[in-house]
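Read off the chains here:
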Amino acid sequence: EGVLEVDGELVITTFIPLKARYGYVLVALTGITTNESMEYQNIALYNEVTNLPNLESFLKYMEGVLENPDLSEYTILGSNIIDFKNVNNLIGESQADELVKDIASYIKETVPFKDVKIFNTKIDNFVIVFKGLKSMDAIIKWANETVNLYRQRNTNKNILAIDLKFGILNLENEHKSL
């Protein structure tokens, strides 16, 4: 929040970055209620297609994670739809959005652990942050099953080969105390 001069008066203003399809727009809101402010914050922090937390939410979450004295508790799994632009051109934006929603639902319903945070950081990127993961075997198995499932996915009576890639990063403390 900040104060702006509007028509010679000082007005309390809420500044909210809104994610647009190709970047961000900073919106200044004056004279809004707390409920309206929360609604705009949700727009700024959630993907409009999947309603999952977006890149901005991920970055805020990771700020908190990086303050944790034991980073080794965290594992990050990133996923990307390969050549999503071509998929979008082939089947159209609305069907491509439905595909992304389908992938988001699949991730939410099938990810093998409960203590996770799922983010849709870009339209074709998902990030899952695991806390307290003891073994990556179940995650690797799940990622491979997901890749195989989407290789030949039926969309409106058409078979569409979707390539997904996953990457895993274990956070580690730079210096461990003895």
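Residues numbered from 1 in each chain as written. Predicted model: local features only at pLDDT ≥ 70, side-chain atom pairs only at ≥ 80, totals over all residues. Heavy atoms only, no water.

Student: So what about the packing of aromatic side chains? Which residues, and what values?
Tutor: Throughout the structure, instances matching the rule amount to six aromatic pairs. Summarising the aromatic geometry, the rings of Phe58 and Phe119 are spaced 5.3 Å apart at their centres and angled 70 degrees between planes, so their arrangement reads as edge-to-face. On the criterion of sequence distance, the pair formed by Phe58 in helix α2 (residues 55–66) and Phe119 in strand β5 (residues 116–122) is long-range, its members being 61 residues apart. Each member of the pair Phe58 and Phe119 is classed as buried. Considering the side-chain rings of Trp142 and Phe166, the 5.8 Å spacing of their centres and the 70 degrees angle between planes classify their relative orientation as edge-to-face. (Phe/Tyr/Trp six-rings, centres within 6.5 Å; stacked < 30°, edge-to-face > 60°. Helix = DSSP H or I, 4+ residues; strand = E, 2+ residues; numbered from the N terminus. Buried < 20%, exposed > 50% of the residue type's maximum accessible area, 1.4 Å probe, protein only.)

Student: Give a detailed account of the pattern of salt bridges, specifying residues and quantitative values.
Tutor: Throughout the structure, instances matching the rule amount to two salt bridges. One salt bridge in this structure joins Lys101 and Glu98, with 3.3 Å as the shortest N-O distance. With Lys101 and Glu98 both in helix α4 (residues 93–110) and three residues apart, the pair spans about one turn of that helix. Taking the relative accessible area as the measure of exposure, Glu98 reaches 42% and is therefore partly exposed. When the shortest N-O distance is used, the salt bridge between Glu145 and Lys141 registers 3.9 Å. Remark: Lys141 and Glu145 occur in helix α5 (residues 137–151); sequence separation between them is four residues, near one turn of the helix. According to the relative accessible area criterion, Glu145 is partly exposed, its value standing at 40%. (Salt bridge = Lys/Arg side-chain N within 4 Å of Asp/Glu carboxyl O.)

Student: Lay out the packing of helix α3 (residues 84–91) against α4 with the relevant residues and their values.
Tutor: At their nearest, the axes of α3 and α4 sit 6 Å apart, and the two run at 125 degrees to each other. It follows that α3 is oblique to α4 by the angle criterion. Packed against α3, whose contacting residues are Phe84, Val87, Asn88 and Ile91, the element α4 presents Glu93, Gln95, Ala96, Leu99 and Val100 at the interface. Looking at the contact of α3 with α4 residue by residue, the class counts come to six nonpolar, two polar and one charged. (Axes fitted to C-alpha atoms, helices over the stretch in contact; angles between N-to-C directions. Parallel < 35°, antiparallel > 145°, perpendicular 65-115°, else oblique. Contact = heavy atoms within 4.5 Å. Nonpolar A, V, L, I, M, F, W, Y, C, P; charged D, E, K, R; others polar.)

Student: Could you give an account of the pairing of strand β6 (residues 125–131), naming the residues involved and the relevant values?
Tutor: When you tally the buried positions in β6, you get six out of seven residues, the bulk of the element. Of the pairings in the sheet, the one linking strand β4 (residues 74–81) to β6 comprises seven bridges and is antiparallel in character. Counted as the bridge partner of Leu77 is Ile128 from β6. Bridge count between β5 and β6: five bridges; the pairing is antiparallel. By the bridge assignment, Ile118 is partnered in β6 with Ile128. Where β5 hands over to β6, the hairpin turn is made up of two residues, counted between the paired strands. (Pairing = 2+ DSSP bridges.)

Student: Any details on the sheet that holds β6? Residues and values, ideally.
Tutor: Spatial ordering of the open sheet is given by β5-β6-β4-β9, a layout of four strands whose pairing is antiparallel. Strands with a single pairing partner mark the edges of an open sheet, and in this sheet they are β5 and β9 (164–170). Between one strand axis and the next, the sheet turns through 20 degrees on average, direction left out of account.

Student: Could you give me a rundown of the packing of α4 against α5, with the residues and numbers involved?
Tutor: Packing of α4 against α5 brings their axes to within 12 Å, and their N-to-C directions diverge by 150 degrees. Of the possible angle classes, the one that applies to α4 and α5 is roughly antiparallel. α4 and α5 meet at a crossing whose hand is right-handed. Contact residues: α4 offers Leu99, Asp102, Ile103, Tyr106, Ile107 and Thr110, while α5 offers Trp142, Thr146, Leu149 and Tyr150. Residues of the contact of α4 with α5, tallied by class, amount to seven nonpolar, two polar and one charged. (Left-handed = near helix turned anticlockwise from the far one by under 90°.)

That's the geometry; what it means functionally is another story.
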